[in-house]
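What the coordinates show
What follows is each chain in one-letter form.
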Amino acid sequence: MNIIESSQISSALTREATETESPNIQVSIAQAALDVNIEGACVEACIQLQDEYLIFTTNDCPFEETLNIYLIDAENNVVDSASIYWMYSTGMFSDLTIKNANTIGFTFFKDTPWTLEVFEKPQMMVPYISEPKGVFRKMKLKRRFRISEKQ
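All values reported here derive from a predicted model rather than from experimental measurement.

Rules behind the numbers
- Every residue gets a number counted from 1 within its own chain, in the order that chain's sequence is written.
- A pLDDT threshold of at least 70 governs which residues receive local features in this predicted model, and a stricter bar of 80 or more applies before side-chain atom pairs are shown or counted, although totals over entire chains, interfaces and linings include all residues.
- Side-chain metrics in this entry use all non-hydrogen atoms of the structure; hydrogen atoms and water are not considered.
- Helix and strand definitions here come from DSSP, where helices need a minimum of 4 consecutive H or I residues and strands a minimum of 2 consecutive E residues; each element is numbered from the N-terminal end.
- Accessibility here uses a 1.4 Å probe with only protein chains present; expressed as a share of the type maximum, an area under 20% marks a residue as buried, one over 50% as exposed, and anything in between as partly exposed.
- Note on patches: the residues involved have over 30% relative accessible area and no salt bridge, like charges join within 9 Å, and the nonpolar side chains Val, Leu, Ile, Met, Phe, Trp and Tyr join within 5 Å.
- Only the protein chains shown count as covering a residue, and every accessible area follows the Shrake-Rupley method with a 1.4 Å probe.
- Just to be clear on terms, a salt bridge is a Lys or Arg side-chain nitrogen sitting within 4 Å of an Asp or Glu carboxyl oxygen.
- The contact rule is simple, with two residues in contact once any of their heavy atoms fall within 4.5 Å.
- Two strands qualify as a pair provided that DSSP identifies no fewer than 2 bridges between them.
- Note on geometry: axes are lines fitted to C-alpha atoms, helical ones only across the stretch in contact, with angles between N-to-C directions running from 0 to 180 degrees.

1. Structural notes on unusual backbone geometry
- Its identity as a non-glycine residue notwithstanding, Q50 has a phi of 55°, on the positive side.
- The topology assignment puts Q50 in the loop between β5 (42-49) and β6 (52-58).
- Overall, Q50 belongs to the exposed group, its relative accessible area being 75%.
- We note that D60 has phi near 60°; this positive angle belongs to a residue other than glycine.

Pasting the structure below:
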């Protein structure tokens, strides 16, 4: 696992935010075959995991910020995704650290510490029950990463 330098990441807005839709950006990484269109307005961080990438984006909404997390495979497919937000709450992404070969830490929402663990193979998880407060995902039974809030 290694953090990609921000100078190696480029993004371009492909859809402006509206009252009903979040913005989208196209993200490219220099010296990699990654070129993907995902939700967000700003790339906060990108981590390389062998031939996959974890991309963190925010929607640039000061009074109700959302952190979007995407796991992208070598073919530019979104393998798993999640969003962290809470109505009328501001969030700021910071303190990204690599804890071990498959776990990272970061803060969001008033310096709340979070842990993200990436799995090599999809794991069974019960939708809605398996996620901490503020984490939202599409309805799926299998996940490639787990997000937990440190207490």
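2. Regarding a nonpolar patch on the surface
- There is a patch of nonpolar side chains on the surface, built from V126, Y128, I129 and M139 and spanning about 510 Å² of accessible area.
- Structurally, V126 can be placed in the loop between β11 (112-124) and β12 (135-136).

3. Describing the side chain of N24
- Positionally, N24 belongs in strand β3 (residues 24-29).
- Its relative accessible area of 15% is what places N24 among the buried residues.
- In this view, N24 contacts A12, L13, T14, R15, N37, I38, E39 and G40; residues no more than four positions away in its chain are not counted.

4. Digging into the sheet that holds β11
- Taken in spatial order, the four strands make up an open sheet running β9-β10-β11-β13, and their pairing is antiparallel. Each edge of the open sheet is held by one strand with a lone partner, namely β9 (94-100) and β13 (142-149). The average angle at which neighbouring strand axes cross in this sheet is 25°, direction not considered.
- Sheet topology places β11 next to β13; seven bridges connect them, and they run antiparallel.

5. Some words on the environment of C61
- Its location among the elements puts C61 in the loop between β6 and β7 (67-72).
- Sequence separation between C61 and G91 is 30 residues, and the spatial gap between their C-alpha atoms is 9.4 Å.

6. Focus: the pairing of β6
- Counting buried positions along β6 gives seven out of seven residues, so the element sits mostly inside the fold.
- On β6, burial covers both faces: E52, L54, F56 and T58 on one face and Y53, I55 and T57 on the other are all buried.
- The pairing of β5 with β6 spans seven bridges and is antiparallel. Note that in β6 the partner of L49 across the bridge is E52.
- The antiparallel hairpin formed by β5 and β6 contains two residues in its connecting segment, where Q50 sits at a positive phi of about 55°.
- In this sheet, β7 lies alongside β6 in antiparallel orientation, the contact comprising six bridges. Bridge pairing links F56 to I69 in β7.

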